[in-house]
Amino acid sequence: MTEITTGGRYAYEGLDRIFHEKARLSIMASLYANRKGCSFVELKRMCSLTDGNLSRHISVLKDAGFIKVVKGYEN
């Protein structure tokens, strides 16, 4: 039988509390899968979030230093 150790780098207890919110984890997974970044509309579609929810979660992730937000227009 394999012994389960605690404190692993990616163990649940080692994750930042910010990622305990599944919407934020979904946003981070979407950004990881799209390394060049995503537009607000793309993230909204991929994560099935409303404008307000996505905006709030992006603010939390940005304030914590996990993401960088670039504002502008496409084309």
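Located above this text is the structure these notes cover.
From a predicted model like this one, the values you see are computed outputs, not experimental measurements. (Residues numbered from 1 in each chain as written. Predicted model: local features only at pLDDT ≥ 70, side-chain atom pairs only at ≥ 80, totals over all residues. Heavy atoms only, no water.)

Notes on the packing of aromatic side chains
Tallying each qualifying case throughout the model produces zero aromatic pairs. One Lys or Arg, arginine 35, reaches over the ring of tyrosine 32 and ends 3.8 Å from the middle of that ring. (Phe/Tyr/Trp six-rings, centres within 6.5 Å; stacked < 30°, edge-to-face > 60°. Lys NZ or Arg CZ within 6 Å of the ring centre and 35° of its normal.)

Let's talk about the nonpolar core
Core analysis: the biggest nonpolar cluster contains 12 residues, these being Ile18, Phe19, Ala23, Ile27, Leu43, Cys47, Leu49, Leu54, Ile58, Val60, Leu61 and Ile67. Here this core takes four residues from helix α3 (residues 51-63), the largest share from any one element. Here leucine 43 is in contact with Ile27, Ser30, Leu31, Cys38, Ser48, Leu54 and Ile58, once residues within four sequence places are set aside. (Core = buried A, V, L, I, M, F, W, Y, C linked by side-chain atoms within 4.5 Å. Buried < 20%, exposed > 50% of the residue type's maximum accessible area, 1.4 Å probe, protein only. Helix = DSSP H or I, 4+ residues; strand = E, 2+ residues; numbered from the N terminus. Contact = heavy atoms within 4.5 Å.)

Some thoughts on helix α1 (residues 22-33)
Along its 12 residues, α1 runs 16 Å from first to last C-alpha, staying within 8% of the 16 Å computed at 1.5 Å per residue. What α1 keeps buried is the set Ala23, Arg24, Ile27 and Ser30. Projected down its long axis, α1 shows its buried positions confined to an angular sector of 120°, all on one face. Among the exposed residues of α1, those oriented more than 90 degrees off its buried face are Lys22, Tyr32 and Ala33. Buried residues along α1 sit in contact with α2 (40-47) and α3. (Expected span 1.5 Å × (residues − 1). Arc of directions from axis to C-beta.)

Points about the packing of α2 against α3
Relative to each other, α2 and α3 sit at 105°, their axes nearing to 10 Å. Here α2 lies roughly perpendicular to α3, going by the angle between them. Contacts between α2 and α3 involve Phe40, Leu43 and Lys44 from the former and Asp51, Leu54, Ser55 and Ile58 from the latter. When the residues that make up the contact of α2 with α3 are grouped by side-chain class, the tally is four nonpolar, one polar and two charged. (Axes fitted to C-alpha atoms, helices over the stretch in contact; angles between N-to-C directions. Parallel < 35°, antiparallel > 145°, perpendicular 65-115°, else oblique. Nonpolar A, V, L, I, M, F, W, Y, C, P; charged D, E, K, R; others polar.)

What to know about the pattern of salt bridges
Scanning all chains against the criterion turns up one salt bridge. Residue lysine 44 is joined to aspartate 51 by a salt bridge in which the shortest nitrogen-to-oxygen separation is 2.7 Å. Residue lysine 44 is classed as partly exposed on the basis of its relative accessible area of 31%. Of the residues examined, aspartate 51 reaches a relative accessible area of 41% and is grouped as partly exposed. (Salt bridge = Lys/Arg side-chain N within 4 Å of Asp/Glu carboxyl O.)

Remarks on the layout of surface pockets
Of the pockets and cavities examined, the largest pocket occupies roughly 590 Å³. Lining the largest pocket are 21 residues; nearest its centre among them are Cys38, Phe40, Ile58, Val69 and Val70. Listing elements by their share of the lining of the largest pocket, those giving two or more residues are α2 and α3. In terms of residues, the lining of the largest pocket owes the most to one element, α3, which gives five residues. Of the residues belonging to the lining of the largest pocket, the class tally is 11 nonpolar, five polar and five charged. (1 Å grid on protein atoms, 1.4 Å probe; cavity = no way out; pocket = protein on both sides within 12 Å on 5 of 7 lines; lining within 4 Å. Points joined across faces, edges and corners; volume = space filled by probe spheres on them.)

Taken by themselves, the reported measurements are silent on function.
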